Amino acid sequence: MNTTSDTLHALKPTIDRMPDPAGRAEAAALESELAAVHGVRHAITVSSGTAALHTALIACRTGPGDEVLLPAATVIMTVAAVTATGAHPVFVDAAAGGRGMDLADAAAKTTERTRAIIPVHLAGRTDGLVELAAYAQSVGLHLVEDACQAQGSRTRGRAAGTIGTIGCFSLKDGKIISSGEGGYLLTDDAELAARAAAYRTHWLTPAPHAPAGSRLGMNYRLAEPLAALARHNLTRLNTALARRREQARLLYDLVGETPGLAVHAPGPEDDPNGYSALWRVDLDRPRDFSTRLAEDGVANSVGTYRLRAAHQHPACQYLNPAPCPRAAQAVDQMLAVTLQPQTTDTELHHLAETIRREAKSWAEGR
Ligand SMILES: *Cc1c(COP(=O)(O)O)cnc(C)c1O
């Protein structure tokens, strides 16, 4: 019972029984459950993680003329959410060792037009998040967490996505909790929650200082059958997290000490969710190495999904981004092996064997 279609099948009776899809009872129940699970006051469901980021930025009053700081080491979805508001994305370089955003660079790029900072917890990692949150607070900026890959990750005992002003999550297939497509936002701030809920449904509901019908919004609603799916999967959050962490641990153990691969160990106060197993590739042409692994069946961010630092992405060149050399190097050297709930231990053995063999032959120049 791991894929969306399995879950859908199990849920068919529930979905058949749904009395009033327009009543949004499933989405409302999911919101209460998400808020309770994360210990926050408000959860707002939306149609995707990208929609969650866009809605969060709008709730924070981000618009044309504003700037938003985000790591160069991110996926294009984060960038797209910023540009969709009309604001200008400003890329921040990575900290030493590719561990989160560089605070000094973020500070240097903060101007009076900066409205928000978006840390992105790639591979479920939260390096430097607490320090960044403290910086954002000290200068009065919203911290909007892109926690799409960090469901269940914790740092200093606090859950990723609950540390900033708003946390954004995806329910797409492959994330820790999924409904095929979908997303949600978490916040303790009632006004931000009301603005997010209003924007999600064409501003048909009121928010403080912005009555119903006073603005334009979007339809970013999560469909009722998908909300039912997400509720079902949310009950298995702890099992899903335990399995991911176990898979990551097993893969690290099996790959062991392999020349050219350095485990990206979490900081002492970080407890990542095992979203991906993460190494730094210290081999020549690391991107080609990751591509070779992908061709050999080891799905990974760079080789399979062509992840590259956003400031180097062709679609971002019109933004005239400043160079972010540490982020570029960190992404190029990042081996984030995709883990899926249905991946068996036997398959993990096979993946580890492939990684070891390829690293060895790459190091020997073959
Ligand atoms: C998946 C993901 C998104 C986008 O989520 P969608 O639901 O696909 O729109 C954004 N940021 C990160 C880091 C992601 O992993």
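Preceding block: the structure.
Everything numeric here is computed off the predicted structure, so don't read it as measured data.

Enquirer: Help me out: how do you make sense of the state of the cysteines in this one?
Expert: One covalent bond between the sulfur atoms of two cysteine residues makes up a disulfide. Per the counting criterion, the structure on display carries zero disulfides. No disulfide involves C60; its nearest neighbouring cysteine sulfur is the one of C168, lying 8.6 Å away. Take C324: it sits in no disulfide, and the sulfur closest to it among the cysteines is that of C316, at 11 Å.

Enquirer: What exactly am I supposed to notice about the pairing of strand β8 (residues 166–170) here?
Expert: If a strand is regular, its side chains alternate between the two faces of the sheet. With respect to burial, β8 is a largely interior element, five of its five residues being buried. In β8, alternate side chains face the same way, and those of I166, C168 and S170 on one face and G167 and F169 on the other are all buried. The pairing of β8 with strand β9 (residues 183–187) spans four bridges and is antiparallel. Of the residues in β9, the one forming a bridge with G167 is L186.

Enquirer: Got a minute to help me understand the sheet that holds strand β10 (residues 261–263) in this structure?
Expert: Strand pairing in a sheet is mediated by backbone hydrogen bonds. Such pairs are either parallel or antiparallel. Judged by pairing direction, the sheet is antiparallel, and its three strands sit side by side in the order β10-β12-β13 without closing on themselves. Each end of this open sheet is capped by a strand with a single partner; those strands are β10 and β13 (334–338). The mean angle between the axes of side-by-side strands here comes to 35 degrees, regardless of whether they run parallel or antiparallel. The pairing of β10 with strand β12 (residues 276–281) spans three bridges and is antiparallel. Residue pairing for β12: A262 is matched across the bridge by R280. Its contacts with the sheet put helix α10 (residues 286–295) on β10, β12 and β13, and the angle it makes with β13 is roughly 15 degrees.

Each value, and the rule that gives it
Residues numbered from 1 in each chain as written. Predicted model: local features only at pLDDT ≥ 70, side-chain atom pairs only at ≥ 80, totals over all residues. Heavy atoms only, no water. Disulfide = S-S within 2.5 Å. Buried < 20%, exposed > 50% of the residue type's maximum accessible area, 1.4 Å probe, protein only. Helix = DSSP H or I, 4+ residues; strand = E, 2+ residues; numbered from the N terminus. Pairing = 2+ DSSP bridges. Axes fitted to C-alpha atoms, helices over the stretch in contact; angles between N-to-C directions. Contact = heavy atoms within 4.5 Å.

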